[in-house]
Amino acid sequence: MSEQIVYLNGEFLPLSEARIPVLDRGFIFGDGIYEVVPVYAGRPFRFTQHLQRLARSLQAIGIDNPFDESGWRGLVADLISRHPWSDQFVYMQVTRGVAKRDHAFPKGIRPTVFAMSSEFIAPSREQREQGVAAITLPDERWLHCDIKSVSLLGNVLAKQAAVEAGAAECLMFRDGILTEGSSSNIWMARHGKVVGSPVNHLVLEGIRVGLLADLCAASGIDYTLRRIAREEVFAADELMLTSATREVLPITRLDGKPVGDGRPGPVYQRLFNAYQDAKRAA
Ligand code: PMP
């Protein structure tokens, strides 16, 4: 296709023409937040939940929401319609805006609003049938992981460590307790039950956390959020990750050791099928 069209501060323009001033506080301080929403058959999936989380992130850092819900819906619908793909993922970012460099909030500036859409490429058949590898590391991020902040250095370093180890994700632990992946929520299956970490200031409330609760309820699978110790992760029958772009994926190797029998398990299969049904039904 011709070039991607992006939204920047009220205008739609080709990606290569979009520019922000160097004093944007997103660039200078990482002072901003973002969202990533999957789009199936032209329709954003679980959009209400994504917009609610966007509003919570903005509120947490004291930026006024530049749009109400219908404003965001209109903007994103317009962006989607400018691209040929049936399945897309939309990235939205709001920063505090442009001002002379000073840590404290400047008065009277306008937030920078950016959005782009890319083709959604679902995980490959190989990843689904063989699962992916993950590593573990201490969680060295700050204590407001519930805010979907663009300050992602801790997550970036964790993902890079995974990639350098030939793995697809890094599972992070604080004081021996599982938090989340560098860009995903992590799930364990034990005796046919699904267990995830509680969402709090240490774990982002992934939109798939609520989705998995719904999918488990509809499929008759027991679902609990509770603190998960490192030893339990290594003793799990199955491990899975969820995110907007990777949906649900089995983790079949952890720190070089097989998870369970080393193959995607029955709980993953059921959740994968339920996920596809939910996409079609939305
Ligand atoms: N945790 C982190 C740190 C993430 O970056 C993501 C991906 N946005 C998630 C969890 C999963 O969230 P979601 O299901 O909304 O994609």
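Residues numbered from 1 in each chain as written. Predicted model: local features only at pLDDT ≥ 70, side-chain atom pairs only at ≥ 80, totals over all residues. Heavy atoms only, no water.

1. Notes on the domain arrangement of the protein chain
What counts here: Segmentation of the chain into domains, including their bounds, is taken from an automatic or database domain assignment. The contact rule is simple, with two residues in contact once any of their heavy atoms fall within 4.5 Å. Here the quantity called buried area is the accessible surface, traced with a 1.4 Å probe, that two parts lose on coming together, added over both. By salt bridge we mean one thing: a side-chain nitrogen of Lys or Arg within 4 Å of a carboxyl oxygen of Asp or Glu. Here a polar contact means two N or O atoms within 3.5 Å. Within protein one must be a hydrogen donor candidate and the other an acceptor candidate, and residues neighboring in sequence count only if both atoms are side-chain atoms. Only runs of H or I of at least four residues qualify as helices and only runs of E of at least two qualify as strands under DSSP, and these elements are numbered from the N terminus. For this classification, the nonpolar set comprises Ala, Val, Leu, Ile, Met, Phe, Trp, Tyr, Cys and Pro, the charged set comprises Asp, Glu, Lys and Arg, and every other residue, Gly included, is treated as polar.
Here the domain parsing of the protein chain yields domain 1 (5-119) and domain 2 (125-281). Taken over C-alpha atoms, the centre of domain 1 sits 26 Å from the centre of domain 2. Between domain 1 and domain 2, the contact holds 21 residues from the first and 20 residues from the second. In this assembly, domain 1 packs against domain 2 so that about 1700 Å² is buried in total across both faces, 63% of it on carbon and sulfur atoms. Among the residues of domain 1 in contact with domain 2, Y34, R46 and R53 are the three that bury the most area, contributing 35% of the side total. Joining domain 1 to domain 2, the criterion identifies 2 salt bridges. Where E205 meets R56, a salt bridge forms, and the shortest distance between an N and an O atom there is 3.8 Å. Where domain 1 packs against domain 2, one counts 8 residue pairs in polar contact (both at pLDDT 80 or more). Elements with a minimum of two residues in the side of domain 1 that touches domain 2: β3 (32-40), α2 (47-60) and β5 (88-95). At 7 residues, the largest contribution of residues to the side of domain 1 that touches domain 2 is made by β3. Each residue belonging to the side of domain 1 that touches domain 2 can be placed in one class, and the counts come to 11 nonpolar, 6 polar and 4 charged.

2. Details of the pattern of salt bridges
Defined as follows: Accessible area is worked out with a 1.4 Å probe on protein chains only. A residue is then buried under 20% of its type maximum, exposed over 50%, and partly exposed in between.
The full count for this structure, using the stated rule, is 18 salt bridges. K279 is the partner of E247 in a salt bridge, and the nearest nitrogen-oxygen pair spans 2.7 Å. Highlighted residues: E247 in strand β14 (residues 247-254) and K279 in helix α8 (residues 266-281), separated in sequence by 32 residues. E247 gets classed as buried once you look at its relative accessible area, which sits at 4%. By relative accessible area, K279 is classed as buried at 16%.

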